[in-house]
Amino acid sequence: MRKSLAVAALLANLLCSATAVRADASLEDVRVARQVIDALHLSDQMAVILPQLVDAVGRGLTAHYPQHAKEISEIMPRLKVKASARIDEFMSLMATALAPKLSSTELRELRSFATGPRDVAARDDFARSPAGIKFFSLREEFTREMRERGEQWGAKIGREVDEEFKAELKSRGVRL
C-alpha cells in the first residue's frame, strides 16, 4: 500500500510535465503507461475525488439557489454517477501524458516496479536504477503538470455537471 501511494504520488507528478522528454511515444508506450496507471489504482483515487467535486458543485448551486435545494438534492446523485463514468477518460489522459516522458524501456521498468513486490527493497532498487533516477528527478515538473491537467479536466466536468443540472431544472419547469 505504501509503495502504491508513493508511486502514485510520483506518477501524478510525472504525468503533467510541460516539456515532453520525447515526442515519439508509440501506442505501445501509451498502453504500457496505462498499465502503470491501472496497477497503481489511480482510478480508485479518482473515484473518491470526483464525487467530492460534484458535491462541491451541488453545494455551490444550493448556496446560489436555496429555493431549489430539494430539486438539487434529487438531481445531484444522478449527475454524480454520470460524472464518475468519465474517470476512464482522465486515466487515458494521464497515460498519454506519461508515455512521452520516459523511453519505452523506462516505461517497462516502471510497469515492473508498479506491478512487482510491494516492499522497501524493491522501491529502493528502482529508485537507484537509471529509470528510477529519471522518474524521481522529474517529480516537481510532473506534479505541476498533473495539477494543471487535473484542474482543467475537473473544471470541464464541473461545467458539464452545472449545465446538465440547469437543463434538468429547466425540464422540471424551474427557471434560474
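Our subject in this report is the structure included herewith.

### Structural notes on the environment of Val36
Note on placement: Val36 falls in helix H2 (residues 27-39). Judged by its relative accessible area of 0%, Val36 is buried. On a C-alpha basis, the gap between Val36 and Ser112 in space is 8.4 Å, while along the polypeptide they are 76 residues apart.

### Digging into the packing of H2 against helix H5 (residues 87-98)
The N-to-C vectors of H2 and H5 enclose an angle of 125 degrees; their axes lie 8 Å apart at closest approach. Here H2 lies oblique to H5, going by the angle between them. As H2 packs across H5, the resulting crossing turns out to be right-handed. Contact residues: H2 offers Val30, Ala33, Arg34, Val36 and Ile37, while H5 offers Asp88, Met91, Ser92, Met94, Ala95, Thr96 and Leu98. Residues of the contact of H2 with H5, tallied by class, amount to eight nonpolar, two polar and two charged.

### Here we look at the packing of aromatic side chains
Aromatic rings in a pair are described by how distant their centres are and how their planes are angled relative to each other. Applying the stated criterion to the full structure yields five aromatic pairs. Considering the side-chain rings of Phe113 and Phe126, the 4.4 Å spacing of their centres and the 5 degrees angle between planes classify their relative orientation as stacked. Within this pair, whereas Phe113 is found in helix H6 (residues 104-115), its partner Phe126 is found in helix H7 (residues 120-128), the two being separated by 13 residues in sequence. Given the relative accessible area of 6%, Phe113 is considered buried. In textbook terms, an aromatic cluster arises when at least three aromatic residues are bridged by ring pairs, as seen for Phe113, Phe126, Phe135 and Phe136.

Cut-offs and rules
- Residues numbered from 1 in each chain as written.
- Predicted model: local features only at pLDDT ≥ 70, side-chain atom pairs only at ≥ 80, totals over all residues.
- Heavy atoms only, no water.
- Helix = DSSP H or I, 4+ residues; strand = E, 2+ residues; numbered from the N terminus.
- Buried < 20%, exposed > 50% of the residue type's maximum accessible area, 1.4 Å probe, protein only.
- Axes fitted to C-alpha atoms, helices over the stretch in contact; angles between N-to-C directions.
- Parallel < 35°, antiparallel > 145°, perpendicular 65-115°, else oblique.
- Left-handed = near helix turned anticlockwise from the far one by under 90°.
- Contact = heavy atoms within 4.5 Å.
- Nonpolar A, V, L, I, M, F, W, Y, C, P; charged D, E, K, R; others polar.
- Phe/Tyr/Trp six-rings, centres within 6.5 Å; stacked < 30°, edge-to-face > 60°.

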